[in-house]
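Read off the chains here:
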Amino acid sequence: MSLGGLSLNLRSSGIYIAFALIVALFSVLTDGALLTPQNISNIIVQNSYVLILAIGMILVIIAGHIDLSVGSVVAVTGGLAAVLMVNMSVPWPLALLITLLAGALIGAWQGYWIAYFGLPAFIVTLAGMLLFRALTLTVLGNQGIGPFPDQVRTLANGFTSGYLGNIGLGPLLGGADLFSLLVAIVAVAGMVAAQWRSRAARQGYGQVVDPMPVFVLKMAAGAALILFLVVQLARFNNLPWVLVLLAVLVLAYSLMANKTVFGRQIYAIGGNLQAAVMSGVRVKSVVFWIFVNMGVLSAVAGIIFAGRLNQAGPTAGNAFELDAIAAAFIGGAAVQGGVGKIVGAITGGLIMAVINNGMSLIGSPSERVMLVKGAVLLAAVAFDVWTKRRAGAAR
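As the structure is a computational prediction, the values presented were derived from the model and not from experiment.

Chemist: I'd like a rundown of the overall build of the protein, residues and numbers included.
Modeler: On a plain count of helices and strands, the protein comes out with 16 helices and four strands. Taken over the C-alpha trace, the protein has a radius of gyration of 21 Å; the compact-globule value for 395 residues is 21 Å, and the two agree within 12%. Split into buried and exposed, the 395 residues of the protein put 46% on the buried side. The long-range fraction of contacts in the protein, counting pairs at least 24 apart against all pairs at least 6 apart in sequence, stands at 76%. As displayed, the protein offers around 19,200 Å² of accessible surface, 68% of which is attributable to carbon and sulfur atoms.

Chemist: Describe helix α4 (residues 70-87), listing the residues and the values that go with them.
Modeler: Between the first and last C-alpha of α4 there are 25 Å, a value that for 18 residues agrees with the 26 Å anticipated at 1.5 Å per step. Extensive coverage of α4 is indicated by the burial of 15 of its 18 residues. Downstream of α4 by a residue or two, S89 has a phi angle that is positive, lying close to 55 degrees.

Chemist: Outline the pattern of salt bridges, supporting the account with residue identities and numerical values.
Modeler: Counting across every chain of the model gives two salt bridges. Residue R153 is joined to D150 by a salt bridge in which the shortest nitrogen-to-oxygen separation is 2.1 Å. Taken together, the positions of R153 and D150, both in helix α7 (residues 150-157) and three residues apart, correspond to about one turn of that helix. With a shortest N-O distance of 3.8 Å, D323 and K373 are connected by a salt bridge. A residue pair is termed long-range when its members are at least 10 positions apart, and D323 in helix α14 (residues 320-330) and K373 in helix α16 (residues 366-394) qualify at 50 residues. Under the relative-accessibility criterion, K373 is labelled buried at 17%.

Chemist: Account for helix α6 (residues 121-140), naming residues and giving values.
Modeler: Over its 20 residues, α6 runs 27 Å from end to end, which matches the ideal 28 Å to within 8%, given 1.5 Å per residue. Those residues of α6 not exposed but buried are A121, V124, T125, G128, F132, R133, T136 and L140. All buried residues of α6 fall inside an arc of 160 degrees around its axis, so they share one side. In α6, the exposed positions that point more than 90 degrees away from the buried face belong to L130 and T138. Of the surrounding elements, those touching the buried residues of α6 are α4, α5 (92-116) and α13 (283-309). Looking one or two places after α6, you find G141, whose phi comes out positive at around 70 degrees.

Chemist: Let's hear about the packing of aromatic side chains: which residues, and what values?
Modeler: Under the counting rule described, the total for this entry stands at ten aromatic pairs. Ring centres 5.4 Å apart and planes at 70 degrees place the aromatic pair Y112 and W113 in the edge-to-face group. Note on Y112: relative accessible area 40%, which makes it partly exposed. Ring plane angle 85 degrees and centroid distance 5.3 Å describe the contact between F288 and W289, whose orientation is recorded as edge-to-face. We classify F288 as buried; its relative accessible area is 16%. On the basis of relative accessibility, which here comes to 45%, the residue W289 falls in the partly exposed class. Taken together, W109, Y112, W113, Y116, F117, F288 and W289 form an aromatic cluster joined through their ring pairs.

What counts, and where the lines are drawn
- Residues numbered from 1 in each chain as written.
- Predicted model: local features only at pLDDT ≥ 70, side-chain atom pairs only at ≥ 80, totals over all residues.
- Heavy atoms only, no water.
- Helix = DSSP H or I, 4+ residues; strand = E, 2+ residues; numbered from the N terminus.
- Rg over C-alpha atoms; globule rule 2.2 N^0.38 Å.
- Buried < 20%, exposed > 50% of the residue type's maximum accessible area, 1.4 Å probe, protein only.
- Contact = heavy atoms within 4.5 Å.
- Areas by Shrake-Rupley, 256 points an atom, 1.4 Å probe, with all protein chains shown as cover.
- Expected span 1.5 Å × (residues − 1).
- Salt bridge = Lys/Arg side-chain N within 4 Å of Asp/Glu carboxyl O.
- Arc of directions from axis to C-beta.
- Phe/Tyr/Trp six-rings, centres within 6.5 Å; stacked < 30°, edge-to-face > 60°.

Structure representation (structure tokens):
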């Protein structure tokens, strides 16, 4: 697609354009309430567990698999953390480590049946959904366990301290935490530097890159988004700790997916399994570790969700797998595998979060929210299929 001589890749950029349009729409419908500092903070904190799950889920989907068990794993790991910290008085750092190891073992259990025994991931994780939900009910019964230690609740619900005090931003914005603003400036500088190096490297290999005006426009849009988000958060209660955790996870997994051999092997397996095998990729090992990783991230999400509620309950995690899968597909993952980005999955999760929050602010009933979310998911997958057909017809 060409706009005034500038080429625009709808497949890679469409999700971000859609996100901007959805935010603009609900900002108008809510008379600006959507973008108030407190509401932005609420969106991040209340949907953090889905975003964490989406990071692991998109890797699973890129490899050509699916995981239907993550909601139940969230429940059972949250329950385990509660039993350890509340009932058994295990120190919280050790309890969190044990919980993460339990998530890894759950992922290894499912990864073994999928990678080495050859069972379809759909069947294995469907069984896991039932097994781990039953285990949750066995551990917790029909009651919740809480409260959690302050440190765990702070990770899920807390905010960074104002280390350097506030700085005035004028009569319109008031004051904001200086440390948070400095973090935003560093993040913008890091993003621009990383993208510039990536662009230069691609040019060095003779690959096609965006024209300079398009590149500058993308960097300006990304910088504006980061600065706006952090300024709004700094005007409320500073940066949520769970946002710091998400930023670390997104950066680490983006580097893994794009810069490491393991990451490229994930794409190779999903893109063309036979070619990956013939190229010497250890497919079984890669698939196994993808599911181990999904188990660990499910445990992280279980800890965050239980800490946010200050209680581990038997119904925790219901339908979380659907939200994580929807976030991955809306964020640009291909149905057949081989395509997808970590940032895209986060954007897809934020689209779902904005729809939930925006429709709640305007007083829409729950059935209408489900209707809109279902329509958005269908449109995202239909768009993926359509772009593939266009690409095939152009060859």
